[in-house]
Amino acid sequence: MKKLVIVGCGRLAEIVADAVVNGLLPDYDLVGVYSRTASKAERIVTKMQQHGKPCAACATLEELLGLKPDYLVESASPSAMKALALPALKNGTSIITLSIGALADTTFYEEVKKTARENGTRVYPVSGATGGFDVLRTAFLMGNASARFFNEKGPNALKGTAVYDETLQTEQRIVFSGNATEAIGMFPTKVNVAVAASLASVGPENMQVSIQSTPGFVGDTQKVEIKNDQVHAVVEVYSATSDIAGWSVVNTLINITSPIVF
């Protein structure tokens, strides 16, 4: 059995915990969780214990890594990913991350690659609310590729960001145009999938990103398009909630131990 831990105990972490409880991840034991909000960690621990599965709510990252997990699911934030990545990889713990935006930092990205290689560990960026990483990577490897990413959100999803104002409640408009590096700098938790798509293909500096705010729109539409001399591929996904990201983690965990990988 592989020992699994989770950092960040919100809705997406609960999806992973439910998958363990319901037998969708038979190769894993969820042995520990860590969250800045202790009550969220305790909720997952209680759920596991109710199903006869021991699980610890850890007070620090060091305590969590002390459990010597094989895999760590990060579902917290890009800043959390930056804090935990190197210690986890040096600990012999591979990472499944939702906060792919952290890897838009080129220096950090190279340090993560070096540390993982030196310690025989890996980082698995999950596709979350987009997909098609296989065709994106393939088209890029063929050469002479260009790519762009489009994200549609409702105005309420942009509250608290620099682009929000009340006119968005009645007016549709493009609120951001730039590359993926610039996008994650302005929206640290809202464009991780754009960074993921860029890392699978042309890179954050070369992935052109546009974000559209639409009055009354609920959920997210993510569309990534890549072209080269022979291929033109478009992957478009609408998701009403963020649950698809949690299920993407489940799928990644299944693939890690499966004899047949999709």
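Residues numbered from 1 in each chain as written. Predicted model: local features only at pLDDT ≥ 70, side-chain atom pairs only at ≥ 80, totals over all residues. Heavy atoms only, no water.

What to know about the packing of helix 1 (residues 11–21) against helix 2 (residues 38–50)
It is the contact of helix 1 with helix 2, at a shortest axis distance of 10 Å, that shows an interaxial angle of 10°. By the angle between their directions, the pair helix 1 and helix 2 is classed as roughly parallel. Listed contacts from helix 2 to Ala13, Glu14, Ala17, Asp18, Val20 and Val21 of helix 1 are Arg43, Ile44, Lys47 and Met48. The residue inventory of the contact of helix 1 with helix 2, partitioned by class, reads six nonpolar, no polar and four charged. (Axes fitted to C-alpha atoms, helices over the stretch in contact; angles between N-to-C directions. Helix = DSSP H or I, 4+ residues; strand = E, 2+ residues; numbered from the N terminus. Parallel < 35°, antiparallel > 145°, perpendicular 65-115°, else oblique. Contact = heavy atoms within 4.5 Å. Nonpolar A, V, L, I, M, F, W, Y, C, P; charged D, E, K, R; others polar.)

Re the sheet that holds strand 2 (residues 28–34)
The strand order 3-2-1-4-5-6 describes an open sheet built from six strands, whose pairing is parallel. Edge positions in the sheet fall to strand 3 (56–58) and strand 6 (123–125), since each has one partner strand and no second. Strand after strand, the sheet turns through a mean of 25° between neighbouring axes, direction not considered. Summarising the sheet, strand 5 (residues 94–97) and strand 6 pair through three bridges and their orientation is parallel. Opposite Ile95, over in strand 6, you have Val123 as the bridge partner. (Pairing = 2+ DSSP bridges.)

Here's the deal with the UniProt feature "domain: Aspartate/homoserine dehydrogenase NAD-binding" (unreviewed entry) in the protein chain
Taking the UniProt record as the reference, the feature "domain: Aspartate/homoserine dehydrogenase NAD-binding" (unreviewed entry) is found at residues 8–124. Taken end to end, residues 8–124 has its terminal C-alpha atoms 17 Å apart, with 48% of it in helix and 17% in strand. (UniProt positions renumbered as here; feature names shortened; annotations may be inferred.)

Regarding the UniProt feature "binding site: NAD(+)" (unreviewed entry) in the protein chain
In the numbering adopted here, UniProt assigns the feature "binding site: NAD(+)" (unreviewed entry) to Ala129 and Asn192. These annotated residues cover 64 residues of sequence, and their C-alpha atoms all fall within 9.3 Å of one another, placing them together at a single site. Note that Ala129 resides in the loop between strand 6 and helix 6 (133–142). Filtering out sequence-adjacent residues up to four positions away, Ala129 remains in contact with Val193, Gln222, Val237, Ser239 and Ile244. Residue position: Asn192 is located in helix 8 (residues 192–199). Classification of Asn192 as buried rests on a relative accessible area of 11%. Look past the residues within four positions of Asn192 in its chain and what remains in contact with it is Pro78, Leu98, Ser99, Ile100, Gly101 and Ile184. Separated by 3.2 Å, the side chain of Asn192 and the backbone nitrogen of Ile100 make a polar contact. (Buried < 20%, exposed > 50% of the residue type's maximum accessible area, 1.4 Å probe, protein only. Polar contact = N/O pair within 3.5 Å; in protein donor to acceptor, adjacent residues only side chain to side chain.)

Quick word on the sheet that holds strand 11 (residues 232–239)
Taken together, five strands build an open sheet; the order of strands is 8-9-7-10-11 and the sheet is mixed. Here the strands that pair on one side only, and so sit at the sheet edges, are strand 8 (173–179) and strand 11. Each adjacent strand pair in this sheet contributes to an overall mean axis angle of 10°, direction not counted. In the sheet, strand 10 (residues 220–227) pairs with strand 11 via eight bridges, with the strands oriented antiparallel. In the sheet register, Thr221 faces strand 11, and the bridge partner there is Tyr238.

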